[in-house]
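# Survey of secondary and tertiary structure
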Amino acid sequence: QVQLVESGGGLVQAGGSLRLSCEVSRSRFSINTMAWYRQAPGKQRELVAAITRYRTTNYADSVKGRFTISRDNAKNTMYLQMNSLKPEDTAVYYCNAATIESNYWGQGTQVTVSS
């Protein structure tokens, strides 16, 4: 059973920074695209950033210039560096990983930005 374990969430003041990590384990296949999604209370889950195996990246307009996604293929780990955080970034952040077999989700990590 493929497992995704997220870490790094927490409470931070506006303007602060956090770094999220997502480690994928027990995958029989190579991890292709990895992505971070987030879901705020009462809102739909939305894509924050994605990165392919070859490190092509894509960002939501709302986080461009503030967030940076990266990955270490040898460690099957993905990161999200979040700078200049805003209260509207408050959400549960989910890790997603795709292989040729299926699409997998982490359990989510809470990020709360106070004003």
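Quantities reported herein were computed from a predicted structural model and do not represent experimental measurements.

Before going further, it helps to examine the pairing of strand β8 (residues 77–82). With 5 of 6 residues buried, β8 lies mostly within the body of the structure. One ladder, built from 6 bridges, connects strand β3 (residues 18–25) with β8; its direction is antiparallel. In the sheet register, Ser21 faces β8, and the bridge partner there is Tyr79. With 6 bridges connecting them, strand β7 (residues 67–72) and β8 associate as antiparallel partners.

Only one face of strand β11 (residues 109–114) is buried: it carries Thr109, Val111 and Val113, and the other face, with Gln110, Thr112 and Ser114, is open. Inspection of the sheet shows strand β2 (residues 10–13) paired to β11 by 4 bridges, in the parallel sense. Bridging from a neighbouring strand, Gly10 pairs with Val111 of β11. In this sheet, β11 lies alongside strand β9 (residues 91–98) in antiparallel orientation, the contact comprising 3 bridges. Looking across to β11, one finds that Val92 is bridged to Gln110.

So, on to unusual backbone geometry. Residues other than glycine seldom take positive phi values, yet Arg26 does so here, at roughly 65°. Relative to the elements of secondary structure, Arg26 occurs in the loop between β3 and β4 (34–39). Backbone geometry at Ser84 places phi at a positive 50°, although glycine is not the residue there. Looking at where Ser84 falls in the secondary structure, it is placed in the loop between β8 and β9.

Before going further, it helps to spend a moment on the packing of aromatic side chains. Taken as a whole, this structure holds 1 aromatic pair when the rule is applied. A cation over a ring is seen here: Arg45 above Tyr94, with NZ or CZ 3.7 Å from the ring centre.

Inspection of every chain in the model, using the stated rule, returns 5 salt bridges. Here Arg28 and Glu101 are joined by a salt bridge, their closest N and O atoms 2.6 Å apart. Of the two residues, Arg28 sits in the loop between β3 and β4 while Glu101 sits in the loop between β9 and β10 (103–105), which places them 73 residues apart along the sequence. Since its relative accessible area comes to 65%, Arg28 is described here as exposed. Ionic contacts of the salt-bridge type, sharing partners, join the residues Arg38, Glu46, Arg66 and Asp89 into one network.

Conventions used here
Residues numbered from 1 in each chain as written. Predicted model: local features only at pLDDT ≥ 70, side-chain atom pairs only at ≥ 80, totals over all residues. Heavy atoms only, no water. Buried < 20%, exposed > 50% of the residue type's maximum accessible area, 1.4 Å probe, protein only. Helix = DSSP H or I, 4+ residues; strand = E, 2+ residues; numbered from the N terminus. Pairing = 2+ DSSP bridges. Phe/Tyr/Trp six-rings, centres within 6.5 Å; stacked < 30°, edge-to-face > 60°. Lys NZ or Arg CZ within 6 Å of the ring centre and 35° of its normal. Salt bridge = Lys/Arg side-chain N within 4 Å of Asp/Glu carboxyl O.

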